[in-house]
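# Summary of structural features
So you can see what is in the structure, the chains are spelled out below.
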Amino acid sequence: MTKQFGRREFIILGSTAAGSVFLKSCASSTPTASTASPEASPAATTAAGDAIKVGILHSLSGTMAISEKSVVDAEQLAIEEINKAGGVLGKQIQAVVEDGASDWPTFNEKAKKLIDQDKVVTIFGCWTSASRKAVLPTFESKNHMLWYPVQYEGQECSKNIFYTGAAPNQQIEPSVDWLLEKYKGKPFFLVGSDYVFPRTANTIIKAQLAAKGGKVVGEDYIPLGGTEVTPIISKIKAAMPDGGVIYNSLNGDSNVAFFKQLQGAGLGPDKYPSMSVSIAEEEVKAIGVEYLKGHYAAWNYFQTVETAASKKFVEAFKAKYGADRVVNDPMEAAYIMVYLWKQAVEKAKTADDLEKVRAAAYGQTFDAPEGMVTMNTNHHISKFVRIGEVRDDGLFNVVFETKEAVKPVPWNQYVAETKGYTCDWTKTDVKAPDTPGKFKTT
């Protein structure tokens, strides 16, 4: 059962060998690559006592809570494991947890609180690109640090964010290639929530399909959290009377209504297979496997991945939260980003000096449940690509996976405006108007 959180502040107390762990809780679509202002980071002195204070900022209420609560659980599991092993630099991690409430101004308000009042050294947070875009100016103006765990649309490379979810070339693009091969000649209908991620993702998909001979016969959106999906389903039937591929970037509770009504309208995966990029094991459980069996999802990790690190992660998560719980890709990305931050802090020998921590993060590797991952100088990690088919028990059969980790490409090479651009925050010779976050290579 999903753990419930309120918006009020709370304290979870767990004992470790070193002492006590305190877990104190408490959109524009324009491509961006900006350098933070030079003002000193407010993280100074937050690790000076017996604990290192970090922030956790996700939606614990509202439409996105269906997905984000479990990400918080994964981050808290990593923190508990690190604390039991002795902490970071000999200190325990103290996590201040805040609820973004599926509201983008609230996310920014809470980010400012965590930085200015709680004095955290870093924040693990956000899910939707709308929430990330809302807090981005705060992290850049205050020269602070956000670790972001969810696949996204790319077209961004901030000095102040580390992205541990997939860039489009690590999820969206390979899934489109796979669909083109499996469903040769079938038309595509694009469905999404009405905010920056789905719209930008669909811009990329349309450019990719145009380059590879695919055909888009429809594209439609509903407000994030909206449940009035009947008009979209009617459009799908009209545009693809003989069947076709549904590419789905709906988020939150909208997926519940969409898949129930899709099945009710007789649009099953035999003629109308869907590829989702925001539905994983947790959402399958919430929506109902009977509505999703046979449909596909593209991620970098599934609970069924057979690595030693995956087995350990699944066992640890179930031991802490219950045998009925499942793990998924965003939870894995959230879990590993806490460890990557820990390793960077230990290499830098400080949690307060964010410039040193940032530099120390480059090249960090971690034996993740998905496989060995590496943090690149473009602030994204190399990741394995996988496609899964929903099976009877609500988990996924992996039907495609890369043999090696795929390097991230933040600036999309199918979109004309960003073709030829790259990002490397170690570059010091980039000339204006370009920045290390976005400069032309070809």
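Scroll up a little and you will see the structure.
Sequence positions are assigned chain by chain, starting from 1 and proceeding in written order. In keeping with the predicted nature of the model, local features appear solely for residues at pLDDT of at least 70, side-chain atom pairs appear and are counted solely at 80 or more, and the whole-chain, interface and lining totals rest on all residues. Side-chain metrics in this entry use all non-hydrogen atoms of the structure; hydrogen atoms and water are not considered.

## Points about the environment of asparagine 300
Secondary structure elements follow DSSP: runs of H or I of four or more residues count as helices, runs of E of two or more count as strands, with numbering from the N terminus. Mapped onto the secondary structure, asparagine 300 falls in the loop between strand S12 (296–299) and helix H10 (308–321). Sequence spacing of asparagine 300 and glutamine 170 is 130 residues, and the spatial spacing of their C-alpha atoms is 7.6 Å. Contacts are assigned to residue pairs with any non-hydrogen atoms lying within 4.5 Å of each other. Ignoring anything within four residues of it in the chain, the contact list for asparagine 300 reads Ala166, Gln170, Asp329, Glu370, Lys383, Phe384, Val385 and Arg386.

## Concerning the nonpolar core
In this structure, Trp147, Ile236, Phe258 and Trp341 are the most contacted members of the largest nonpolar core, which totals 100 residues. Considering every element that reaches this core, the biggest residue donor is helix H11 (residues 329–348), with 12 residues. By nonpolar core we mean a set of buried residues, namely Ala, Val, Leu, Ile, Met, Phe, Trp, Tyr and Cys, connected to one another through side-chain atoms within 4.5 Å. Type-normalised accessible area, obtained with a 1.4 Å probe on protein chains alone, sets the label of each residue: buried when under 20%, exposed when over 50%, and partly exposed for intermediate values. Formed by 22 residues, the second largest nonpolar core is a distinct cluster that contains Leu179, Leu180, Tyr183 and Val245.

## Here we look at the pairing of strand S9 (residues 216–222)
Bridge count between strand S8 (residues 188–193) and S9: six bridges; the pairing is parallel. Bridge pairing in S9 places glycine 192 opposite tyrosine 221. Any two strands with at least two DSSP-identified bridges between them are counted as paired.

## Things to note about empty space enclosed by the protein
The calculated volume of the largest cavity comes to roughly 40 Å³. Definitions used throughout: a 1 Å grid over protein atoms alone; a cavity as a set of points that fits a 1.4 Å probe which cannot get out; a pocket as an open set with protein on both sides within 12 Å along at least five of seven lines; a lining residue as one with an atom within 4 Å of a point. Forming the walls of the largest cavity are Trp127, Thr128, Ser129, Tyr148, Val150, Gln151, Tyr152, Tyr195, Phe197, Asn251 and Ser278. Note that Gly is not counted as nonpolar here; it falls among the polar residues with everything else outside the nonpolar set of Ala, Val, Leu, Ile, Met, Phe, Trp, Tyr, Cys and Pro and the charged set of Asp, Glu, Lys and Arg. Looking at the lining of the largest cavity residue by residue, the classes come out as six nonpolar, five polar and no charged. Grid points are joined across faces, edges and corners, and a volume is the space filled by probe spheres set on the points. A volume near 30 Å³ is recorded for the second largest cavity. Lining the second largest cavity are Ser274, Ser276, Ile279, Leu292, His295, Tyr296, Ala297, Val390 and Phe396. Secondary-structure elements contributing two or more residues to the lining of the second largest cavity are strand S11 (274–276) and S12. Here the residues of the lining of the second largest cavity are counted per class, giving six nonpolar, three polar and no charged.

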